[in-house]
Every structure is written in structure tokens, then in C-alpha cells.
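Chains, contacts and geometry: an overview
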Amino acid sequence: MKPLKKLTATSLVLLLMLTSCVKNDNVDFTQVDQINLNQQIKGSMISFTTTIADFGDANNLPFVGFDFNTPIEAFSNATVQNELVKLTFHFDFENTFNRDFLFAFNFLDANGLVVYSTPVTVTKNGLTNKDVIIEGLTIAQIKNTKQVGINVTVLNSIPANTVDNTVGAFVRFKLGATFDFSASPQASASLIDLTASLPDLTNFEGGNLPFTHFDFSTPLDIFNNATIQNNLVKAEFHFEIENTFNRDFELVFEFLNSNNQVTYTIPILINKTSKTIKDVLIEGTELVNLKKSKKVNITADVINATTIDNTQGAFINFKSSATFSF
Amino acid sequence: MKRIHLLFLVSVLIFIKSFSQNKPVLYDFTEVPQVLMLNPGADVTYKWHVGVPAFSGISVTAGVKGFKVTDLFANDGIDINTKLEKLIFSRTPNDHVYINQQIELINAGIRLPNDKDYISFGFYEEFNLIAYYPKDLAIFGFEGNKEIGRVFNAESFKFKTDLVGVLHIGIDRRFNEKFNAGARFKIYSSAAEVKSLHNSGLFFTTQGVDNIYRHTLQDINLSVQSAGLFNGTDFDEKFYKKLSNKLFLGSNLGVGFDFGLTYKPNEQVKVTASVQDLGFIKYSKMVTSISAKGSYVTEGVKLQTPIISGINYFQQIIDGVEQAIVRDTIFTSHVTFRTPKINASYAYSFGLPHSEECFKPLFDNPFRNQIGVQLYSIVLPKQPQVATTLFYYRRVNKYLRTKLTYTVDSYSSSNVGLGLSAHIKHFNLYGSFNNLFSTDFYNSNYNAFQFGMNFIY
């Protein structure tokens, strides 16, 4: 082989070897931040068939009501807590009684308080199918569920609260659910949602005017989580406040650590008879401090006045949500 | 949990492209002593050799089938979720990743006074991983059971990985000028193994009778076996501290053999064949196996009248699953067979040298050029993998030998490799590189290299 050919061949080989390496121009690994998994789990929940014997007393008449509840752990599951974005209940009834019934499905928290309730009217002598979709702010409420209950009442009966004694009549009930999960490096959740009217505000101070100060404190467990502690890089809070009072207010969120030292403060000026929207972005050192929070203290004060106006029907509607980026 | 799903899916898909532990460039490249590790009956002609400790043989091979990093992460303006969904559904359960990495710590050899036998010995560390694409699991993780009637099969969940130290000694006998045969005895010392190869069972959701859906777990039989990693069910926190001892005869042991031969019917034709790693490891120390077996059908809570309030009916469903799908943890020993590999080649030499004095072998091939074909097969858990290689070898001069290969297997038809072996006096430096024409790592199907340094006399 001539020297020139050798040189050319060697150069070609070296070129091939050297170019067989990593080229970053054609790939973009930051796309992983846009991956959003939308898993859907369908499941049967409760079914039963009731007859007149279950609805009536010893003589089958009159209708004595039906009340039932059972604990449920599904909503305590971390995946449900973090990634459930939509819940659809599928109700399926077959009613051969000559009566309409009202089935109320109640979702109760650990204290037995109803966090969500959906009524279903079951028409007489027929089939009733109903889908109930829960999403948005209501999802946050229903995630507090620790037990579910069913309360049944008879509708439009004459005489009242009686069922017909049709032999062989029954109500067949089926309940399924579809859980829609969404997993992405960003998670959003509703926080506090409340509406306060004049009696509510004055009641804070013992039911008397003038309103001077409102102070509310609650434990905060959200930061007591390894994923949050290790991976959270940005937190965004979103507040929407509608104020129909003729007063300005100052609302202050104070996040406190276990020693009651302030880790982060969010002041919000609420103008009278208006809607206030405020977004707060927390990252860097401020986020490090925020992650140490164990409690949140909320205070509200009237500004430029010592009393609250007594406008009838006035209210403050407060909504808040948070978006966490990992 | 879903983040784990996400990472799992991306990780699995990144590696879904098969490849082999094939070393087509190094096979029968007799200038390099490490050829004896692929064929203990290779016609080497050295008097003795010793590898540079820890640098005599380093090899890494990695690749996947049917998927390139650019399929998912290409900067092409297509929504990554669209690309991810396409990948999840288009891959097959036969797609797999198979990674092999070896580091020789000691490699040496010497020709016995009878001038016929060449003894070689050494110690190397080897890591293996084979994992098949668990398609049904990936689909369930991606979209759940929203498609009523879709059957998810646990059989697609299959993987095996281990980390072993191998102490070996081999003999290569030249029976005559035409025939060499050799064998190598290996003692395996496994530091760790995790495998799950025999899973079965179906999960599916159908329309219910008493309720809206019926969920069926049918003939579930899942198992994962591990060794060297757990004390009972607790991870051995001293694993890394004890790793070197475990790799060198300090843990679960096994034995194996390599066999090989070379036949040269005339001075221009050479036929070789070899089989590696016919052996097994018996795992009896720190063995933990978990399993789950059973069947279960549910349509949710079916209340019986009179309905009694306050009872935890949903917990009864969970209890029912746990009673029907029996979980077990055992610590009994088991045997794992090594993954055998088979090589064979046919070569034709031509082109006598003009005047140069080449490397001084005992019975060196006088020809400068060689062309031929090689066959390779490896027995993987699901199916054997076969590769065919065409090669051209040239002795460039007394310092440099080269081998150019073109390999076709089930997964790639464009794998061109190059091997170089430099000989400066008694010092030998070699390297082989596969898939040369893949000019972009992220857009390639196969990447592998081997290199090392020896002193050869």
C-alpha cells in the first residue's frame, strides 16, 4: 500500500472511531420533564340487592330507612393522595318497587363529617344509571375520605315513608369507579377553600362587632414527605379572593417550623368589593426554609377601619392552590 | 408510585434493543492472548505472556433492539408523550437488554517444555444483565385497565443479573500442525444474583355480573430469587465492603468449562469452534426467594342482607386477595446455569509477505491476509441468539495487525467492527471497536469495545 493510501485509510478509520461518539445536538433529554402518565384504573366497589324485608319493619311496612357505612382505606393511599385528578362513580340501579328512592352516598372523614355527598334518585319500576364526575377542588375534599356511607329514603310515598309491599320487589345496586391518575414532574393541589359571611366573621370575635382580628392555625404535614424534601425545586401558590364587603383586609399566611419560628410569610392585600388574585413563587433558599414548615398560621385584619360593615349578604370567598415542581 | 412507573417505563424503553455478548473482532484474533478466553483451543504460538494487571482485558458491550435513544428524546418537535405511547405499544416481549462487562485482573500463560501445551490462567470479574421488556406490565403502568377485556400476562416479566468472579486455568494442546484443542476449567464465585425467569398468570377486568366490573387474577405464579444480597429479608449493608472477598472464592461457588479446537486442513484454511461457560453456580449462602401464587376473582364488596353497618368490607376484599394469592419467602439453595456461548469460524489465508519480518511465532501463519466467516450463538432464557460475521484480517507490518468485521444478527445489519493489535517488541496493545459506522451514540443500535495490554514472548 502506498504511503498516501495508508494515510487515507488510517485517517478514515480514526475519523470513524472518533465520530462514533456522543452527539447531543439531536437529542433533548429535558423532554422528560414533559412526560405525563395518565393511568386509569377501573374497579367495582359495592353491590347489593335489597328486598322489602330489608326496607320494612317486621310487618314490612312502613319504610324504616336504610343507613349504612363502612371504612375505606383507598383514599389514604399515597398514589391516590398525590396523583388522583379525577374520579368517576358509575351508579347502576334496578328498582322494581313502586316507589322512588333517594340514595345519598356520603364520604366521611376520620371524624365522621361529610366531605362529599352525591344524591341519586332511583326511579320506580325502572333502571337508573348515573355517572358522577369529581375533579378540581372537590377531589381534594374527597381525598380525606375514611369511610363511605349510604343513606336511603323513600320519595313521594302516600302515606309518607312507606314502601309498597309488592311481592318479590327489589332494588339491585351496583357501584363502580374509574380513578384517573396523572403523574408528571409537576403536581397541583387545592389547599383551602372557604366562604365567610358577616356572621362568620363577627363570630370569630365572639359574635360581636367590631371585627378586629381573625387568627387561625393548622398543622401542615405536606412538607413532612421524603419526595417533597428531596425533589421539590419550586413551589407556586395561587390565591383567589372575592371580597364583597366594603372594607379592605390584610390576609397573612405565616408558615412556622416546629419551634414556631416563621419560615415564610405571604401577605395578601384584599381590596374591598373586588376580586384579588395573587401568585407567589418560592424557590432557592426561601424554598429550603419553607420545607421546614410544620404549621401554617392565617391572620386577617381590617385595614383603614376598626369595624366591619354590616352589608347584608356580604362575603369573602377564598380559594387557594399550590403547584409543586420536581 | 407513579413517578416510579414513569422512571421504570423510560428506563425499560431506553434499553429495549437487543444485542449479544458477541466479540466478533476478538474471536480468533490470535495475536492477542485474550483469544484463549473465547477459544481455549486457538492456535496461539507464544512462549509465554502476562497481561498488565487489571488492564489486560477490559470489555463492555451494550445495546438494545428496535429502540434508539433518539426514538424518545430526538429533538424533533413531536410530543414526547406521543413517542412514549408509540414505543410502549410497539415493542414486543422478546425485546431485551443484555449487558456484559468484564475486567481481567490477572491473565498469564506459559508454554510447557513439551512445546505442545500452552497453559493459561487468570482471574476476571464479570457482570451480566438480561432483562426482557415486560410489555403487559408497561402497558398497565401506562394506561391502567381502562381497556375492559385486555389481558395482562405476568409471563413477560423476566430478568436475570449477576456479578461473579472467575478463577480459571486452561490448556491448549497442539496435537500436530493441523490440529489444536483446548479446555478451560473455571471456578465461579458469585457475589450477587437476582433473577425472575418463571412467572405466569393473568390479570384482566371484564364486565361484571353482580357489579359493574369483574377483576380476575388467574393462576398467578410470581417469583424472584436472590443470592448474596440479603440476610433473610434485610439488605446486607456490608455487601460493598465484602464485595472483593465475595468475588474471590468467598461466596456462592460454581464450576464450568470452556472447550475449543482449531483445525487447519492445509496452510491456507482454518476452521475453529468453541463453547464457553458450560457450568453452573450453586447458591446456598444468603439466598432469599419470594413468591406469590394463587387465583382470585372479585366484583368488589358484595353486601349481604341484612346489611350491617360499620364492618370494614373493603378490608375483607384485601384480606381475600392476601388469602387467595399466597405469598412465601424461603431461604433454600438453588442452582443457576451459566449462559453458554458458541463460536465457530472458517478462514482462508492468502497473500505471502514480500520481505518484512513479522511477529515471531512458533508456527505463524505466513500469509498476510485472511478472510472468513464466523458464527456465534448465545443461549438466552427465551431463545438462542445467532450472529454471522464476515471478516478480513491483515498483517499490516511487523508492528500492526488489523481485523475488519461485518456482523449481521437478528437486530442489526450494519455492525462494522475494527480490531487493532500493536506489537512493539514484546509489548502488546490491542483494542477492538464495534459498530464503527454509527456516528451518533444516541442513534445507534450497538456499542461495544474491548482493549488491553500484554507482554508477549
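Since this is a predicted model, take the numbers as computed values, not measurements.

Cut-off values and rules
Residues numbered from 1 in each chain as written. Chains lettered and ligands numbered in written order. Predicted model: local features only at pLDDT ≥ 70, side-chain atom pairs only at ≥ 80, totals over all residues. Helix = DSSP H or I, 4+ residues; strand = E, 2+ residues; numbered from the N terminus. Buried ≥ 20, exposed ≤ 12 C-beta atoms within 10 Å, placed from the backbone. Contact = placed C-beta atoms within 7 Å. Nonpolar A, V, L, I, M, F, W, Y, C, P; charged D, E, K, R; others polar. Pairing = 2+ DSSP bridges. pLDDT = per-residue confidence, 0-100. Axes fitted to C-alpha atoms, helices over the stretch in contact; angles between N-to-C directions.

What about the overall build of chain A?
Of the regular secondary structure elements, chain A holds 7 helices and 16 strands. A buried classification covers 23% of the 326 residues belonging to chain A. Across chain A, the fraction of contacts at a sequence separation of at least 24, relative to all contacts at a separation of at least 6, is 82%.

Considering the interface of chain A and chain B
In this complex, chain A contributes 47 residues to the contact, which on the side of chain B involves 53 residues. Broken down by secondary-structure element, the contributors of at least two residues to the side of chain A that touches chain B are α1 (3-19), β1 (37-51), β2 (66-71), α3 (78-83), β3 (84-95) and β8 (170-183) of chain A. A per-element tally of the side of chain A that touches chain B places β1 of chain A first, with 12 residues. Residues of the side of chain A that touches chain B, tallied by class, amount to 21 nonpolar, 17 polar and 9 charged. Across 2 bridges, β1 of chain A lies against strand β15 (residues 301-302) of chain B in parallel orientation. From the neighbouring strand, S47 of chain A faces β15 of chain B, where its bridge partner is K302 of chain B.

A word on the confidence of the model for chain B
Atomic detail in the predicted coordinates should be set aside for any region of low pLDDT. Residue and element names in this part refer to chain B. For chain B, mean pLDDT is 86; residues scoring 70 or higher make up 89% of the total. Mean pLDDT across the secondary structure elements of chain B bottoms out at helix α1 (residues 2-14), with 43, and peaks at strand β7 (residues 179-196), with 96. When the criterion is pLDDT under 50, residues 1-20 qualifies, and its contacts beyond four places in sequence or with other chains add up to 65 contacts. The low-confidence segment residues 358-363, where pLDDT is below 50, has 12 contacts with residues more than four positions distant or belonging to other chains. Scoring the predicted complex yields pTM 0.71 and, for the interface, ipTM 0.73.

Considerations on the sheet that holds strand β5 (residues 114-122) of chain A
Sheet strands associate in pairs through backbone hydrogen bonding, adopting either a parallel or an antiparallel arrangement. All names here are of chain A. Spatially, the 4 strands line up as an open sheet ordered β2-β7-β4-β5, and their pairing is antiparallel. The open sheet has two edge strands, β2 and β5, and neither has a second partner. The average angle at which neighbouring strand axes cross in this sheet is 15°, direction not considered. Where strand β4 (residues 100-108) meets β5, 8 bridges bridge the pair, whose relative direction is antiparallel. Opposite N106, over in β5, you have S117 as the bridge partner.

So, unusual backbone geometry
Peptide bonds are trans in most cases, and residues, glycine excluded, mostly fall at negative phi. Residues and elements named next belong to chain A. Of note, N125 is a non-glycine position whose phi angle comes to about 50°, a positive value. Topologically, N125 is positioned in the loop between β5 and β6 (126-135). Although it is not a glycine, T273 sits at a positive phi angle of roughly 40°. For T273, the location among the structural elements is in the loop between β13 (262-270) and β14 (274-283). You can call T273 partly exposed: it has 13 C-beta atoms within 10 Å.

Section: the pairing of strand β11 (residues 234-243) of chain A
The side chains of a regular strand alternate between the sheet's two faces. All names here are of chain A. Pairing of β11 with β14, which is carried by 10 bridges, proceeds in the antiparallel orientation. In the strand pairing of β14, A235 is matched with I282. Where β11 meets strand β16 (residues 315-325), 10 bridges bridge the pair, whose relative direction is antiparallel. For E242, the partnering residue across the bridge sits in β16 and is N317.

Description of the sheet that holds β3 of chain A
Read from one edge to the other, the open sheet built from 5 strands follows the order β6(A)-β3(A)-β8(A)-β1(A)-β15(B), with strand pairing classed as mixed. A single partner strand is all that each edge strand has here, and the edge strands are β6 of chain A together with β15 of chain B. Relative to β8 of chain A, β3 of chain A runs antiparallel, the two sharing 11 bridges. Opposite N95 of chain A, over in β8 of chain A, you have V171 of chain A as the bridge partner.

Considerations on the environment of G57 of chain B
Residue and element names in this part refer to chain B. Positionally, G57 belongs in the loop between β1 (48-51) and β2 (58-63). For G57, a count of 25 C-beta atoms within 10 Å corresponds to the buried category. Between the C-alpha atom of G57 and that of Q102, which follows or precedes it by 45 residues, the distance is 7.5 Å. Excluding anything up to four places from it in sequence, G57 contacts Q34, G51, Q102, E104, N107, Y124, Q450 and G452.

A short note on the environment of N435 of chain B
Residues and elements named next belong to chain B. Mapped onto the elements, N435 comes out in the loop between β23 (427-433) and β24 (446-456). Judged by the 23 C-beta atoms lying within 10 Å of it, N435 is buried. When the C-alpha positions of N435 and N145 are compared, they lie 41 Å apart, and in sequence the two are 290 residues distant.

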